[in-house]
Amino acid sequence: MGACAMMLVLTQCSACKEPQEPEGNTDATYIVHWITKYGNDDLIQGQTYRDAFNRRLLLEDLRGYISQVALIDENDSSIVLKDFALMNWFADPTISTAAQPAKIKALRFSLGIPAVYNTSVDPTTYPNAHPLSVAGAAGMFWTWNTGYIFYQLNGKCDLSGSENQPLIDPIAYHCGDDTLFRTITLDIADVTVKAGDAYQFNILFDAQKCFWNDQDTMDLDVDYLTHTSGNLPLALRAMDLYQSAFSIP
Amino acid sequence: MKGLVLASIILLLVSCQSSIPCDCDLSPAKFRTFGILKQPQLPADNPFTFCSIELGRKLFYDTRLSGDGKTSCASCHALVMAFTDGQSTAKGAHGELGNRNSPTLFNLAWSPHLMMEGGVKTLELQGLAPLLAQHEMMGSALELPAALTQDSTYQQWSRKAYHRPLDYFVVVRALANFQRSLISLDSHFDRVVYHQTETFTESEERGWQIFKSAKAQCTQCHTPPLFTDYGFYDIGISDTLDQGKERESYHLRDRYKFKTPTLRNIELTPPYFHHGQVDHLEAVIEFYNQGGEVHRPQKDNRIQPQHWTEQDKKDLLAFLQSLTDWNAVQNKRWLPL
C-alpha cells in the first residue's frame, strides 16, 4: 500500500511537471543586405560613372523609401523585418530583425510608401526617429502636395561629350505618387534558418539600371528632370528602371 | 514664511513680465460666424482652445522659425493687407523670391483644401509648406531652433495645450488654430445682405446686380458668402510658366487651372492673380470684361467678353469694395502678442 502511494505520488509529479523553457535562443536573426553597384563598379557617392551613351555622370544623392520588407517562408507566410525605411543607397544599406526560425523561399519589399500612409497621415505625428517623420524624411516629403518622395536621384552629367568639361548638366528624378508604388518579390533557393542562427540574405542594387536596362534607356539630353508632377511619364519610366535595379546576386 | 511668500510673488511677477501671460486658457474657443456660416469641421487631434490659438499667434509672428531668423509667417501675411503682402510673389528667407502671390488667410477654417492646386487637405499639413520650403521660411526639417524650444513661454503653453514639448506637431497645430481663428464676415456687404442693418449705395447695388447676373455669372465661382467655390479653373491668364492644378492631378485637362480665390477684402490684397500679374482691381475687372487674355481648350467657357460700360466697371469696383471688413483688418487680437 505504501509503495502504491509512493508510485502514485511519483506518477502525479511526473504528469504535473511544468513544461521546461527550451534552452538557448529560440529566434533566428535575419539580415537583409543590399550590395550596391554601378555595373561592375562599387556604388560610391560623388563617383563619376558612364551612361548608356558613354557620357560621364556623377551621382550625388540616391535615396528611396522601402516598405513592408519581409521574408516569405515555405507556407507563404511573411516574416516582416521592417515596415518603413529610408534607404541611402550609398551607405551600406542593411536591415535585420529577430524572428522565429523558418525555411525562407523569397524576399519581398516595396519601393515607396503604401497609399494609406502616403498622403493620409500627418508626418508631424511620428516621433523624430521614425522614417516618416518630418526629421526622418529629411526632405523626402512634398509639403506643397502632401506625399512622400519614393525615390530620389540627383546628379550631374556632361552632355558635351567632352572628357574635360565640368559636369554641369543636372539630373533629378524625384518620384512619388501612389501610381508609382512598386512591390518586388525575389525568389531564392530555399534557406532553412534555425533557432540561434544569423543568416544574411543579399540583394543586388545596380544603380546603372536606373539609367538603362533591356527595355528602356534614359537619354540624359532629354530625360533628365522629373519631380513627378510636370513630367509623370518620365517619373514612371524612372521608377520602372529603379525597380529593375534590384535582383538576387 | 513671509519671506517665502514674498519670494514667490516676486518670482511670479518676474516670470510674468511683459504682455505675455504665464498661463493660457484651455477652454474651447468658439467661431464667431456672424450668423452667416455654420461652425466649421475641426480635426479630432487639434483641440480648438484659446491656448492653442494664442500659441499659434505667438509662433505666427516669430522670426526664429525661419532659416535666416528674420522671416515670420507675418512677413508675407500682414493683417493690414488682409494677411497678404502687397508683393507680386512672396519674398522668403534670404530674399528668395517665391513663385506665387501670397493668399489671404481669412476664413481658411472652411477651406476643404489648401494651396492653389489644392494638394494639401488640412491646415495642419499646410503649415509645413511655408515652414520648410527653400523659397519661403527655409526652416530646418531636422529640428526646431533651440531658441524656440527653450523659450519658457513656448515650453509652458505647448505642454498645456498639447501635453508635449514644442515640436513640429505642436507648431503646425497651433499655427492652424490661429489661422482658423482669422474670420472676416463683417463687411458692409454682410450688413446689407445678411443682416439688413445697412443699405448699398446706388453704385454698389448696380455692381452687385451685375456681379450676380446671368450674363456675368461671377457668383458661379465667387459664390457668397465666402465668395469662392473652392473649384479650379483656367480663366485665360496669359502666363504659362505655372501649370497650376495639373501639378497635383497630372491631368492635362487641369493645366493652368487655379483655385478660385475669395473676393472678401479684395481691395486690400493687390496685386492679383496667382503670380500677382495685375496691379489694380480696375485691371482685373477689365480682364474679365475682355473675356480673359488667351483662349485655350481648357479655359472655362463662362469667361466671355462682357461689354461693360465705364459706369458698369465703376459699379463693380464699388461692389467689390463693399466686401472689405475694416473691423477684421484692425482686430488687435490678431496682432503680435
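Keep in mind that what you see is a predicted model, and the values were worked out from it rather than measured.

A. Main features of the overall build of chain B. Of regular secondary structure, chain B possesses 13 helices and 2 strands. Relative to a compact globule of 337 residues, whose C-alpha radius of gyration would be 20 Å, chain B shows 22 Å and is just as compact. Seen along its three principal axes, the alpha-carbon backbone of chain B occupies a region of about 85 × 45 × 35 Å. Out of the 337 residues in chain B, the part that is buried amounts to 41%. Taking contacts inside chain B between residues at least 6 apart in sequence as the whole, the part at least 24 apart equals 66%.

B. Fine view of the domain arrangement of chain B. Residues and elements named next belong to chain B. Here chain B is partitioned into domain 1 (21–184) and domain 2 (188–321). For domain 1 versus domain 2, the separation of C-alpha centres amounts to 27 Å. The interface of domain 1 with domain 2 comprises 27 residues on the first partner and 25 residues on the second. Here the residues of the side of domain 1 that touches domain 2 are counted per class, giving 10 nonpolar, 15 polar and 2 charged.

C. Representation of unusual backbone geometry. All names here are of chain B. With an omega dihedral of 5°, the bond running from P224 to P225 counts as a cis peptide bond. P270 connects to P271 through a cis peptide bond whose omega is -10°. Assignment of secondary structure puts P271 in the loop between β2 (258–259) and α12 (281–289). In this structure, F273 takes a positive phi of about 75° despite not being glycine. The residue F273 is located in the loop between β2 and α12 in this model. Judged by local crowding, F273 falls into the partly exposed class, with 18 C-beta atoms found within 10 Å.

D. Region of the structure containing the interface of chain A and chain B. Counting from both sides, the interface comprises 15 residues of chain A and, opposite them, 21 residues of chain B. Of the residues assigned to the side of chain A that touches chain B, the class counts are 6 nonpolar, 8 polar and 1 charged.

E. Expanded view of helix α6 (residues 152–162) of chain B. Residues and elements named next belong to chain B. For α6, the complete set of buried residues consists of Y154, W157, S158, A161 and Y162. Axial view of α6: buried residues confined to an arc of 105°, hence all on one face. Each element contacted by the buried residues of α6 is listed here: α2 (50–60), α5 (146–149) and α7 (168–180). Where α6 ends, the next residue or the one after it, H163, has phi of about 60°, a positive value.

F. Up close: the nonpolar core. In this structure, A:F150, A:C175, A:A207, B:V171 and B:L175 are the most contacted members of the largest nonpolar core, which totals 111 residues. Residue contributions to this core reach at least three from each of two domains, namely domain 1 (21–184) and domain 2 (188–321) of chain B. Apart from residues lying up to four places away in sequence, B:L175 is in contact with B:G56, B:L59, B:F60, B:C73 and B:G127. Counting residues in each nonpolar core, the second largest holds 13 residues, with B:F227, B:I285, B:L316 and B:L320 among its members.

G. Seen up close, the packing of α2(B) against α6(B). Residue and element names in this part refer to chain B. Where α2 meets α6, the closest approach of the two axes is 9 Å, and the angle between their N-to-C directions is 145°. By crossing handedness, the relation of α2 to α6 is classed as left-handed. Only W157, S158, K160 and A161 of α6 make contact with α2, whose side of the interface consists of C51, S52 and L55. Class assignment of the residues belonging to the contact of α2 with α6 gives a composition of 4 nonpolar, 2 polar and 1 charged.

H. Focus on the environment of B:T219. Residue and element names in this part refer to chain B. Positionally, T219 belongs in helix α10 (residues 218–221). Overall, T219 belongs to the partly exposed group, with 14 C-beta atoms counted inside 10 Å. For the pair T219 and H163, spaced 56 residues apart in sequence, the C-alpha to C-alpha distance is 44 Å. Sequence-distant contacts of T219, defined by excluding residues within four places in its chain, comprise F211, K212 and P224.

Parameters at a glance
Along every chain, residues carry numbers that run from 1 in the direction the sequence is written. Think of it this way: whatever chain is written first is A, whatever ligand is written first is 1, and the rest follow in order. Reporting of local features is limited, given that this is a predicted model, to residues whose pLDDT is at least 70; pairs of side-chain atoms are given and counted only at 80 or more, and all residues count toward the totals for whole chains, interfaces and linings. Helix numbering and strand numbering both begin at the N terminus, where a helix is a DSSP run of H or I of at least 4 residues and a strand a DSSP run of E of at least 2. The globule rule used for comparison is 2.2 Å times the number of residues to the exponent 0.38, while the radius of gyration itself is calculated over C-alpha atoms. We call a residue exposed when 12 or fewer other C-beta atoms sit within 10 Å of its C-beta, buried when the count reaches 20 or more, and partly exposed for counts in between; the C-beta positions come from the backbone. This entry defines residue contacts through backbone-placed C-beta atoms, with two residues in contact when those atoms are within 7 Å. Either an automatic procedure or a domain database provided the assignment from which the domain bounds are taken. For this classification, Asp, Glu, Lys and Arg are treated as charged, while Ala, Val, Leu, Ile, Met, Phe, Trp, Tyr, Cys and Pro are nonpolar and the rest, including Gly, are polar. When we speak of the arc, we mean the arc of directions from the helix axis to the C-beta atoms. By definition, a nonpolar core groups buried Ala, Val, Leu, Ile, Met, Phe, Trp, Tyr and Cys residues that are joined through C-beta atoms within 7 Å. Helix axes are fitted only over the stretch in contact, all axes being lines through C-alpha atoms; the angle between N-to-C directions runs from 0 to 180 degrees. It is the rotation of the near helix from the far one that decides the hand of a crossing: anticlockwise by less than a right angle makes it left-handed, clockwise makes it right-handed.

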